[in-house]
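Chain by chain, the residues:
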Amino acid sequence: MSAPELVHIIDTAWKHAELDLQQEGVTVQTSRQLHDAALASVTFSHLPPIRLSCIRGLVAPSFQGPCLHPDCKLPGCEGNRLYIITTSPLLMRIKLPHHKNACKWGQASIEF
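Reading the values: the criteria
Residues numbered from 1 in each chain as written. Predicted model: local features only at pLDDT ≥ 70, side-chain atom pairs only at ≥ 80, totals over all residues. Heavy atoms only, no water. Helix = DSSP H or I, 4+ residues; strand = E, 2+ residues; numbered from the N terminus. Buried < 20%, exposed > 50% of the residue type's maximum accessible area, 1.4 Å probe, protein only. Contact = heavy atoms within 4.5 Å. Salt bridge = Lys/Arg side-chain N within 4 Å of Asp/Glu carboxyl O. pLDDT = per-residue confidence, 0-100. Disulfide = S-S within 2.5 Å.

**Some details on the overall build of the chain**
So, step 1. Within the chain, the secondary structure is distributed over three helices and three strands.
So, step 2. Taken from N to C terminus, the helices and strands of the chain fall in the order α-α-α-β-β-β.
So, step 3. Here the chain, with 112 residues, has 29% of them falling under the buried criterion.
So, step 4. Considering only residue pairs separated by 6 or more positions, the chain has 38% of its internal contacts joining residues 24 or more positions apart.

See below:
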C-alpha cells in the first residue's frame, strides 16, 4: 500500500467517525470508530509518533472506568485517553500519563 493510499484511508475513517458522532452522539460504535481512526493516525500519519505501548490502553472519550494501565497506582488516574475538544470540526486531544519517561518526568503527562 502506498503512503497516499494509507493517508486516504485514515482521512476517510476520520470523516466517517466525525459524521457518525454528529448524527448519533457518543455510542459504542462511534467510540470504536474514533478509537480506530485515532490509532491509525497515531501509528501511521497525522500525529507525532507514539509508542504502541502508550496507545495499547488508549480509551475513547466516552469510556467511564478505571485506568487500564496494569501498573497504575496514581489516584484518580483516567489513563491514556482521548478527549473531544469540538465536534465540528472534530478536534481531539490526547493525554498520556503512562509513557516511557513518566518516572523520569515525575509522572508528568504528554499532551497534544
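**Here's the deal with the environment of L19**
So, step 1. Positionally, L19 belongs in helix α1 (residues 3–24).
So, step 2. For the pair L19 and T30, spaced 11 residues apart in sequence, the C-alpha separation works out to 9.4 Å.

**Notes on the pattern of salt bridges**
So, step 1. Tallying each qualifying case throughout the model produces one salt bridge.
So, step 2. In this structure, the salt-bridge partner of E78 is R81, at a minimum N-O distance of 3.9 Å.
So, step 3. A relative accessible area of 41% means that E78 is categorised as partly exposed.

**So, the side chain of R81**
So, step 1. Relative to the helices and strands, R81 is located in strand β1 (residues 81–87).
So, step 2. In this structure R81 touches L58, V59, A60, P61, F63, G65, R93, I94 and K95, once residues within four positions along its chain are discounted.

**Observations concerning the confidence of the model for the chain**
So, step 1. Confidence in the prediction for the chain averages 75 pLDDT; 76% of positions are at 70 or higher.
So, step 2. Averaged pLDDT values over the elements of the chain bottom out at 70 in strand β3 (residues 110–111) and peak at 78 in β1.

**Focus: the state of the cysteines**
So, step 1. Tallying each qualifying case throughout the model produces zero disulfides.
So, step 2. With no disulfide partner, C72 has as its closest neighbouring cysteine sulfur the one in C67, 3.8 Å distant.
So, step 3. Taking the relative accessible area as the measure of exposure, C72 reaches 22% and is therefore partly exposed.
So, step 4. With no disulfide of its own, C77 lies closest to C72 among cysteine sulfurs, the gap being 3.8 Å.

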